[in-house]
Amino acid sequence: MSIIIDKETRVIVQGITGREGTFHAQQMLQYGTKVVGGVTPGKKGENVEGLPVFDFVSEAVEATDANATMILVPAPFAPDAIYEAMEAGIQTIVCITEGLPVLAMSQVYPRVRASKSRLIGPNTMGVISPGKCKIGIMPGHIHEPGNVGIASRSGTLTYEIVQNLSRRGIGQSSAVGIGGDPIVGSGFIDILELYKEDPETDAVIIVGEIGGTDEEIAADWVQANMKKPVFGYIAGRAAPEGKRMGHAGAIISGGKGTAKDKIEAFEAHGIQVGANPEELAEKVKSTIG
Amino acid sequence: MCFSLDNGARMGEIDGFAFPNESLDEPREVEMKLYEYQAMELFARSGIPTPFSRVASSPEEARQLTAEVGKKVVIKAQVHMGGRGKAGGVKLAETPDEAEKAAEAILGMQIKGLTVHKVLVAEAIDIKNEIYLSVTIDRVSKRPIVMASAAGGVEIEQIAAETPEKIIKYIVDPIAGLRSFEARKVTAQLFENQKAVGKAANLLVNLYHLFINGDCSLVEINPLVLDADGNVIAADGKVDIDDNALYRQPELLKYREAIDEDPNEVRARELGLNYVSLDGDIGCIVNGAGLAMATVDWIQLFGGSPANFLDLGGSSSVAKMVRALDIILGNPKVKTVLVNILAGITRCDDIANGILEARKQIQSDKPIVLRLAGTNEEAAQALLEGTDIQITPSMREGVQTAVEIAKSK
């Protein structure tokens, strides 16, 4: 199993003719992802890495049976790209692009939630099910197939945690970047629900950071619903109030959203917290290793 | 990952589609808070009643503006910080003479470490009632939310802590927008007088439009005042703009003023880097916001003191690395630099070349601790062979080494 994507997932890349689109289409192919085509308006008929390019997502779906898309277009065009993928009935939409206006996402969100599509991101590393499929920009080779599921608000921090797990012989069922923005298509609970039902996932790691209350809400949910062990890491212990720490969502404002609050919420709800990525990996290992 | 449009291009002018060009050489916006005087100007343009209010940079200017008003005025320090009243940054003045003196006292004043460079000269209002009113994004419902309270005049956090039952919250459908009847439902809970309810509802609809049309992350009026003549007036204003939306708000860019920001942060922003000043002596350069936060946290866990948060962003270039080192090494507090790169989309050889290039361009004997892993790692190792820069095998060892160096100096 694994969640969201697997060996059968058929992927297109929106923005495939751009520098990053081409590079990551190639990287995903190398990893073994079934990339079946790409979309760039006005470039119909071209080829990238031997893959056909289409004008519209709907055309690409008709020709290739794609059921997932990776969006790698500039931010001003990303909301459009999401709407288009939704309209074409794509099951899994992974929006890598960062820098979407929050108000644009506040309109996308209710529509995507009412649709048949699942949106991951924006501002995400993507999703990987090690050994099966990756839709995203993460380095594939640091991952190992296994039984730990990850849901994270941060890309490179997840790589650090994955590397620490893999070095200790702990593989991952899937790793999902939910995205670093204040409004993302799928939250921690959406992903936790999938891990709960996934027979290949025996433990879950939540990688959170300062800002908002998603971690606290997820902790409540975990206590009420999750029997599998859950581990947590929170970035931003040293962050000052009122400063945005890179991600649009990572900001402590009005004394809310501190690392301390989140760590306390995790610990109070039975989630084991690692103070740093190594300690986290050690805790996971001693529980399930 | 961040993409930028071609220089100055607007959506409509681009032929078909713009493609990711990964050029991060353009300034990257970090945040954009408006000063009160700028917010008042936007309010006035948006049909939100405001008292006469103009900005002054000198006591003489404050005097002239007060003479123009011909009434009692309030002189208010313009800083991005709460608590200016307590710090003596707000003074009443009956006459132009008094206004000049008040401005003289306030200009140049330090409020929580920020120097006051401008004051607002605002007509004093005869206040009957103080209301709190704001629109922001509610991260839980992921929708715009109107917040209001009849207990205005103090910070919303204080109202929330002391009298949470006095905060009215109204979540708005982002597609339908805030309708007039909805605005009335909110303002009917704030005023007894029907005329005031209607006036405040109009004002709230206009405030919501400003929030949406200006791509704001916050619009706040505190206090919203009912004066003795029955007028509903915004006596103070706070507006934060979503920096991600500035590409479609070109007219708001003119409001960007960096007069009270940290100089290193301003410089980093101009150079396209994501930088936050901290107080310590270990400079940090990291790829990715989460890993950058984790690096700063780990330094503290080991008893060290980070000098900054710096996220290189989703791509790498030699030039960007040189600029980052230039800013960090230019900070006199910094004793050592920890470069922590776990490369996915970043390329390790770019980082290595950047460090070598910076060594040539920047005079500094501060040691650089380098953790470098991921994409093109081998190429980076080859570049660094024979130099004094060693790659530490893990993040923990990198952090430990940097903390030890900083302590020994």
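Residues numbered from 1 in each chain as written. Chains lettered and ligands numbered in written order. Predicted model: local features only at pLDDT ≥ 70, side-chain atom pairs only at ≥ 80, totals over all residues.

J.: Please set out the overall build of chain B residue by residue, giving values where relevant.
T.: Regarding its fold elements, chain B presents 12 helices and 19 strands. When its C-alpha atoms are laid out on the principal axes, chain B stretches across 80 × 50 × 45 Å. The buried share of chain B, taken over its 409 residues, is 50%. For chain B, the share of sequence-separated contacts (at least 6 apart) that also reach a separation of at least 24 residues comes to 69%. (Helix = DSSP H or I, 4+ residues; strand = E, 2+ residues; numbered from the N terminus. Buried ≥ 20, exposed ≤ 12 C-beta atoms within 10 Å, placed from the backbone. Contact = placed C-beta atoms within 7 Å.)

J.: Before we move on, could you go through the overall build of chain A and cite the residues and values that matter?
T.: Summing up its helical and strand segments, chain A has 9 helices and 14 strands in all. What you see for chain A is a C-alpha radius of gyration of 18 Å, in line with the 19 Å of a compact globule of 289 residues. Each principal axis of the C-alpha atoms in chain A carries an extent, and together these give about 55 × 40 × 30 Å. Here chain A, with 289 residues, has 64% of them falling under the buried criterion. Look at the contacts in chain A between residues 6 or more apart in sequence, and 71% of them connect residues 24 or more apart. (Rg over C-alpha atoms; globule rule 2.2 N^0.38 Å.)

J.: Help me get a handle on the domain arrangement of chain A, residues and values and all.
T.: Residues and elements named next belong to chain A. On domain assignment, one finds that chain A holds domain 1 (10–120) and domain 2 (138–288). Each of domain 1 and domain 2 was reduced to a C-alpha centroid, and the two centroids are 26 Å apart. Opposite the 10 residues of domain 1 that make contact, domain 2 presents 8 residues. Broken down by element, the side of domain 1 that touches domain 2 gets its largest block of residues, 5 residues, from helix α4 (residues 102–114). Grouping the amino acids of the side of domain 1 that touches domain 2 by side-chain chemistry returns 8 nonpolar, 1 polar and 1 charged. (Domains from an automatic or database assignment. Nonpolar A, V, L, I, M, F, W, Y, C, P; charged D, E, K, R; others polar.)

J.: Before we move on, could you go through helix α9 (residues 277–288) of chain A and cite the residues and values that matter?
T.: All names here are of chain A. With 12 residues, α9 should cover 16 Å at 1.5 Å per step; its first-to-last C-alpha distance of 17 Å lies within 8% of that length. Taken residue by residue, α9 has Pro 277, Leu 280, Ala 281, Lys 283 and Val 284 as its buried positions. Looking straight down α9, one finds its buried side chains confined to an arc of 160°; they lie on one side. (Expected span 1.5 Å × (residues − 1). Arc of directions from axis to C-beta.)

J.: Tell me what's going on with the confidence of the model for chain B, and back it up with residues and numbers.
T.: All names here are of chain B. Taken as a whole, chain B shows an average pLDDT of 88; of its residues, 91% reach a score of 70 or greater. Low pLDDT (under 50) marks residues 1–30, which in the prediction has 68 contacts with non-local residues, meaning those over four places away or in another chain. Our summary of model confidence lists the complex with pTM equal to 0.90 and ipTM equal to 0.93. (pLDDT = per-residue confidence, 0-100.)

J.: Run through the nonpolar core, naming residues and quoting values.
T.: In this structure, A:Ile71, A:Ile82, A:Ile93, A:Ile161, B:Ile285, B:Phe309 and B:Leu310 are the most contacted members of the largest nonpolar core, which totals 158 residues. In terms of residue count, the dominant contributor to this core is helix α8 (residues 289–301) of chain B (8 residues). If near-sequence neighbours (up to four positions away) are discounted, B:Phe309 is found in contact with A:Met245, B:Tyr275, B:Val276, B:Leu278, B:Cys284, B:Ala292, B:Met293 and B:Val296. Grouped together as the second largest cluster of nonpolar side chains are 66 residues, B:Val55, B:Ala99, B:Ile106 and B:Ile111 included. (Core = buried A, V, L, I, M, F, W, Y, C linked by C-beta atoms within 7 Å.)

J.: Can you explain the sheet that holds strand β3 (residues 73–77) of chain B? Please cite residues and give values.
T.: Residues and elements named next belong to chain B. What the 4 strands build is an open sheet, ordered β2-β7-β3-β4; its pairing is antiparallel. Each edge of the open sheet is held by one strand with a lone partner, namely β2 (53–56) and β4 (90–93). Each adjacent strand pair in this sheet contributes to an overall mean axis angle of 25°, direction not counted. Along the sheet, helix α1 (residues 36–45) makes contact with β2, β3 and β7 (119–123), crossing β2 at roughly 150°. (Pairing = 2+ DSSP bridges. Axes fitted to C-alpha atoms, helices over the stretch in contact; angles between N-to-C directions.)

J.: Can you break down the domain arrangement of chain B residue by residue, with the values?
T.: What the domain assignment lists for chain B is domain 1 (52–123), domain 2 (127–255) and domain 3 (263–408). Taking only C-alpha atoms, the centre of domain 1 of chain B and the centre of domain 3 of chain B are 43 Å apart.

J.: Tell me what's going on with the interface of chain B and chain A, and back it up with residues and numbers.
T.: Where the parts come together, the accessible area they lose is often given as the size of the interface. The partner chain A presents 62 residues to the 56 residues of chain B that form the contact. Breaking the side of chain B that touches chain A down by element, the ones donating at least two residues are β9 (143–149), β14 (274–277), α8, β16 (308–311) and α12 (395–408) of chain B. Of the residues forming the side of chain B that touches chain A, the biggest block, 11 residues, is contributed by α8(B). Of the residues in the side of chain B that touches chain A, the class split is 33 nonpolar, 12 polar and 11 charged.

J.: Could you give me a rundown of the pairing of strand β17 (residues 336–343) of chain B, with the residues and numbers involved?
T.: Residue and element names in this part refer to chain B. The buried count for β17 comes to 8 of 8 residues, which makes it a mostly enclosed element. Residues of β17 alternate between two faces, with Thr 336, Leu 338, Asn 340 and Leu 342 on one and Val 337, Val 339, Ile 341 and Ala 343 on the opposite face, all of them buried. Pairing between strand β15 (residues 282–286) and β17: 5 bridges, direction parallel. Opposite Ile 282, over in β17, you have Thr 336 as the bridge partner. Here β17 runs beside strand β18 (residues 368–374); their pairing, made up of 7 bridges, is parallel. By the bridge assignment for β18, Leu 338 is matched with Val 369.

J.: Can you tell me about the sheet that holds strand β1 (residues 10–14) of chain A, naming the residues and giving the values?
T.: Residue and element names in this part refer to chain A. Taken in spatial order, the 7 strands of this open sheet run β3-β4-β2-β1-β5-β6-β7, and their pairing is mixed. The open sheet has two edge strands with one neighbour each: β3 (47–48) and β7 (118–120). Bridge count between strand β5 (residues 68–71) and strand β6 (residues 92–95): 4 bridges; the pairing is parallel. Counted as the bridge partner of Thr 69 is Ile 93 from β6. The sheet contacts of helix α1 (residues 19–31) involve β1, β2 (34–39), β3 and β4 (51–54), and relative to β2 the element is tilted by about 165°. Against the sheet, helix α2 (residues 57–64) makes contact with β1, β2, β4 and β5, and its axis sits at roughly 145° relative to β2, the strand it touches most.

J.: Give a description of the environment of B:Ser46 that names residues and reports values.
T.: Residue and element names in this part refer to chain B. Looking at the secondary structure, you find Ser 46 in the loop between α1 and β2. The exposure class assigned to Ser 46 is partly exposed, which follows from the 19 C-beta atoms found within 10 Å. C-alpha separation for the pair Ser 46 and His 209, spaced 163 residues apart in sequence, amounts to 8.1 Å. Setting aside anything within four residues of it in sequence, one finds Ser 46 in contact with Asn 206, His 209 and Leu 210.

J.: Describe the packing of helix α2 (residues 59–69) of chain B against helix α3 (residues 96–106) of chain B, and please don't skip the residues or the numbers.
T.: Residue and element names in this part refer to chain B. Orientation of α2 relative to α3, taken along the N-to-C sense of each, is 145°, at an axis distance of 8 Å. Helix-helix and strand crossings are classified by hand; for α2 and α3 the assignment is right-handed. For the pair α2 and α3, contact is made by Pro 59, Glu 60, Ala 62, Arg 63, Thr 66 and Ala 67 and by Pro 96, Ala 99, Glu 100, Ala 103 and Glu 104, respectively. (Left-handed = near helix turned anticlockwise from the far one by under 90°.)

J.: Break down helix α6 (residues 188–197) of chain A for me, with residues and values.
T.: All names here are of chain A. When we look at burial in α6, the residues that qualify are Phe 188, Ile 191, Leu 192, Leu 194 and Tyr 195. Considered in projection along α6, the buried side chains sweep an arc of 160° and stay on one side of the axis. In this structure, the buried side of α6 is in contact with β10 (145–152), β11 (172–177), β12 (203–209) and α7 (214–225).

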